[in-house]
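Residues per chain are reported as follows:
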Amino acid sequence: MYVKLHNIEKSFGDFKASDHINFEIEKGKLVALLGPSGSGKTTILRMLAGLEYPDSGDIFIDGVRVNDLEASKRGIGFVFQNYALFRYMTVYDNIAFGLEIQKKSKKECKERVEELLELIGLKGMGHRYPHQLSGGQKQRVAFARALAPNPHLLLLDEPFAAIDAKVRQELRSWLKETINKVGITSIFVTHDQDEAIEVADEIIITNHGRIEQIGTPLEIYRNPTTLFTAQFIGESILLEDYGRLKGFEQEVRAAKAVIRPEFVKVTKRGEQLQFPNSVEEGVVEKLSFRGSHIEMQINVKGIQLVATRSLEENPVNLGEKVDVLIYRLFVYNGITASVVENMAIQDNAPIYI
Amino acid sequence: MNKTNKKESKLVRNLLILLSIIFLFIMLVMPLVVVLSEALQKGFKLYIDAIQDKYTMKALLLTVEATVFAVIVNTVFGLFAAWSITKYHFKRKRLLTVLIDIPFAISPIIAGLVFILTFGRIGWAKEILDFLDMKIVFAVPGIILGTIFVTFPFISREIIPVLQAQGNDQEEAAAIMGASAFRIFRKVTFPQIKWAFLYGIVLCTARAMGEFGAVSVLSGHLRGKTVTLPLQVEILYSEFNFTAAFAVSSVLVILAIIILIIRNIIEHQMKKAGGNYVRKAS
């Protein structure tokens, strides 16, 4: 394992920022630390960088315990949330800063800076000052500056947070591509699940200073193992008394369940039903236009469910009675969360065939 | 209705501007004119003679000396204090910020008395000073000490807000790349605080030159030894030597005007640099 955190504990006064943190990261992976604000993700990043020190536990980078190593000796590149570009230096001098400290010759510096300017698509803009750049450009300069001294590990703190929505989308895919091209092991912090799912090879979910779950974006999306993950990822709704729903009667031990809009299929009366015996009757209570689709709030036996409907399908109306099919739920039994498929669908399937 | 409102507001505007101008004229411009005209009343030669007086020249030198010392000491400690307050977390940080402001709140006379009670004949430090064969009260070190006390907050007060607004990110970024503390200060921090720092020095200089209260208590008025320009003005005035008093005053006024011009140039530069910052943040 390339990066390894072992039993890390860290408190700021009474606030427990890291509670028993353990994880490992393979070389060359792009990993997201995902969690709500105050969940301790940035603290982990700063401890890796050597900007904070853990109260106890070990940090290993490339097999070396780096706890007592100062930040500059860890071979790390760090991209700050608000870029932290040196205001009074040109783009060129910003990128060359780390190289000059390494006592590289003028020629080497120039070659490396030119190479990086090309990589970030800002060729010929080396003479500009940070205030003459757009947010996205600044972020790319910050990225180049962190990469310049050839670090082994790249850490990015909320790399897209300060950038407007349109550019952010572009920058995400650009960053993923570029990191793959450079082949550097990278960890980035984010509170945005879409960002983590889209960019990362692997996601580490943090909450209240603890790690909730580690896995690939698909695993985390499909099989959340804790209630927090189930609720945090996707557009999830918490259901308290779901045993009333058809097909889930047997799961009585469990206390809570989480459902996502994509688990719910809504059919208008008269449209063909795939599993006629498994559907519930629901009443459309609210319709909201979401641009690419319509979001419906549906009341099923007093339980509020959310489902989506494509604009291409026959529109439903407020107060209309519809058939609702629930494919699956994430059921939380007090310790772990697991996926439970609709029993009624499984029972009926052979008959239907 | 709208129109009358506009008319009224225009009237109010002009009235306020006029009042401000009249007030400033009576309170500031007229006295300055009086100083200069009184100084030159008995002819230019007498004016020059008054300035070239042996004791006046000594007083000018002492003022310059005290100012230079005060600015140097306050530059060093002002930087340290501003740095500690903005870059480190520690207990009682707020207390330190309040302590820095004390000279703003305390009358300079009291500052002078404090030093007399500490280092004077009845002071507890008297024996140590005797042992070291040093004299502070009624001597040049006392004057410098008083001036430093009074002007202490100026430089750190100017730098602290700028450093606070910047945060530590840039310094951390430089540190991760292995830059030494001195390099970080020289290349990253100092360019940011440069104008605020110079502005602080100018304010400190202006205040140090004009200091009267604390210095008056600590000086003992030994002519040619412990008399600064403001004290010299007072002595001349109390001797009814008005022409000389005004002549020496005019020297102080001219120095103040020079500093005012420098101050404005720096303020302009600061705004320019600040403008960059605003654009960067947006």
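Given the structure is predicted, the values throughout are model-derived calculations rather than measurements.

A. Quick peek at the overall build of chain B. For chain B, the count of helices and strands is 13 helices and zero strands. Moving toward the C terminus, one meets the helices and strands of chain B in the order α-α-α-α-α-α-α-α-α-α-α-α-α. Considering only C-alpha atoms, chain B reaches an extent of 75 × 60 × 30 Å along its principal axes. Relative to its full complement of 282 residues, chain B shows a buried share of 39%. Considering only residue pairs separated by 6 or more positions, chain B has 73% of its internal contacts joining residues 24 or more positions apart. For chain B, the computed accessible surface area is about 16600 Å², with 70% contributed by carbon and sulfur atoms. Of the charged side chains in chain B, 30 are positive and 17 negative; the average position of the first set lies 10 Å away from that of the second.

B. Representation of the overall build of chain A in the model. A tally of helices and strands in chain A yields nine helices and 19 strands. Dimensions of chain A along its principal axes, counting C-alpha atoms only, are 75 × 45 × 40 Å. Taking all 353 residues of chain A together, 52% fall into the buried category. In the form shown here, chain A has an accessible surface area of approximately 16400 Å², with 49% of it arising from carbon and sulfur atoms. The centroid of the 43 positive side-chain charges in chain A is displaced by 5 Å from the centroid of its 48 negative side-chain charges.

C. Main features of the interface of chain A and chain B. Taken together, the contact between chain A and chain B spans 22 residues of the former and 21 residues of the latter. Together chain A and chain B conceal approximately 2200 Å² of surface at their shared face, both sides included; 64% is due to carbon and sulfur atoms. It is Arg87, Tyr88 and His131 of chain A that lose the most area in chain A upon contact with chain B, and together they represent 31% of the buried surface on that side. Our count for the chain A to chain B interface comes out at one salt bridge. Glu172 of chain B is paired through a salt bridge with Arg46 of chain A; the nearest N and O atoms lie 2.7 Å apart. Remark: the boundary between chain A and chain B carries one residue pair in polar contact (both at pLDDT 80 or more).

D. The domain arrangement of chain A, seen in detail. Residues and elements named next belong to chain A. Taken as a whole, chain A is organised into domain 1 (3-225) and domain 2 (235-341). Each of domain 1 and domain 2 has a C-alpha centre, and the two are 39 Å apart. Taken together, the contact pairs five residues of domain 1 with seven residues of domain 2. For the pair domain 1 and domain 2, the summed buried surface comes to about 480 Å²; carbon and sulfur atoms form 42% of the total. Taken together, the connections running from domain 1 to domain 2 amount to zero salt bridges. Residue classes in the side of domain 1 that touches domain 2 are distributed as two nonpolar, two polar and one charged.

E. Up close: helix α3 (residues 106-119) of chain A. Residues and elements named next belong to chain A. The terminal C-alpha atoms of α3 lie 20 Å apart, and with 14 residues this matches the ideal 20 Å at 1.5 Å per residue to within 8%. For α3, the set of buried residues is Cys109, Arg112, Val113, Leu116 and Leu117. Along the axis of α3, the buried positions cluster into a sector of 135°, meaning they face one direction only. In α3, the exposed positions angled more than 90 degrees off the buried face are occupied by Lys107 and Glu118. Looking at the buried side of α3, the elements it contacts are α2 (91-101) and α4 (135-147). Remark: Gly121 follows α3 within two positions and exhibits a positive phi of approximately 70°.

F. Spotlight on the packing of aromatic side chains. Residues and elements named next belong to chain A. Under the criterion given, the structure shown has 15 aromatic pairs over all chains. Here Phe78 and Phe80 contribute two aromatic rings whose centre-to-centre distance is 4.6 Å and whose plane-to-plane angle is 45°, an arrangement assigned as tilted. Classification of Phe80 by relative accessible area gives buried; the value is 2%. Each ring, one from Phe86 and one from Phe97, has its centre 4.6 Å from the other, and the planes form 55°; the classification is tilted. Remark: Phe97 occurs in helix α2 and Phe86 occurs in the loop between β6 (76-79) and α2; sequence separation between them is 11 residues. Its relative accessible area of 1% is what places Phe86 among the buried residues.

G. Structural view of the pairing of strand β13 (residues 264-268) of chain A. All names here are of chain A. When you tally the buried positions in β13, you get four out of five residues, the bulk of the element. Sheet topology places β13 next to strand β17 (residues 321-326); five bridges connect them, and they run antiparallel. Note on β17: the bridge partner recorded for Val266 is Val324.

H. Here's a closer look at the sheet that holds strand β2 (residues 15-25) of chain A. Residues and elements named next belong to chain A. Strands sit in the order β2-β1-β4-β5 across an open sheet of four strands; the sheet is antiparallel. Of all the strands in the sheet, just β2 and β5 (64-65) have a single pairing partner and so form its edges. In this sheet, strand β4 (residues 56-61) lies alongside strand β1 (residues 3-12) in antiparallel orientation, the contact comprising five bridges. Among the inter-strand pairings, Val3 is bridged to a residue of β4, identified as Ile61.

I. Main features of the sheet that holds strand β18 (residues 328-332) of chain A. Residues and elements named next belong to chain A. Spatially, four strands are ordered β11-β12-β18-β19 in an open sheet, and the strand pairing comes out antiparallel. The sheet terminates laterally at β11 (237-239) and β19 (337-341), the two strands that pair on one side only. On average, adjacent strands in this sheet sit at an angle of 35° to one another, irrespective of strand direction.

J. Geometry of the environment of Gly142 of chain B. Residue and element names in this part refer to chain B. Locating Gly142 in the fold gives a position in helix α7 (residues 140-151). The class for Gly142 is buried, based on a relative accessible area of 0%. For the pair Gly142 and Thr226, spaced 84 residues apart in the sequence, the C-alpha separation amounts to 9.0 Å. Gly142 has contacts with Ile136 and Leu218, leaving out every residue within four places of it along the chain.

Reading the values: rules and limits
- Residues numbered from 1 in each chain as written.
- Chains lettered and ligands numbered in written order.
- Predicted model: local features only at pLDDT ≥ 70, side-chain atom pairs only at ≥ 80, totals over all residues.
- Heavy atoms only, no water.
- Helix = DSSP H or I, 4+ residues; strand = E, 2+ residues; numbered from the N terminus.
- Buried < 20%, exposed > 50% of the residue type's maximum accessible area, 1.4 Å probe, protein only.
- Contact = heavy atoms within 4.5 Å.
- Areas by Shrake-Rupley, 256 points an atom, 1.4 Å probe, with all protein chains shown as cover.
- Lys, Arg positive; Asp, Glu negative; His and termini not counted.
- Charge placed at Lys NZ, Arg CZ, Asp CG, Glu CD.
- Buried area = accessible area lost by both parts, 1.4 Å probe.
- Salt bridge = Lys/Arg side-chain N within 4 Å of Asp/Glu carboxyl O.
- Polar contact = N/O pair within 3.5 Å; in protein donor to acceptor, adjacent residues only side chain to side chain.
- Domains from an automatic or database assignment.
- Nonpolar A, V, L, I, M, F, W, Y, C, P; charged D, E, K, R; others polar.
- Expected span 1.5 Å × (residues − 1).
- Arc of directions from axis to C-beta.
- Phe/Tyr/Trp six-rings, centres within 6.5 Å; stacked < 30°, edge-to-face > 60°.
- Pairing = 2+ DSSP bridges.
- Axes fitted to C-alpha atoms, helices over the stretch in contact; angles between N-to-C directions.

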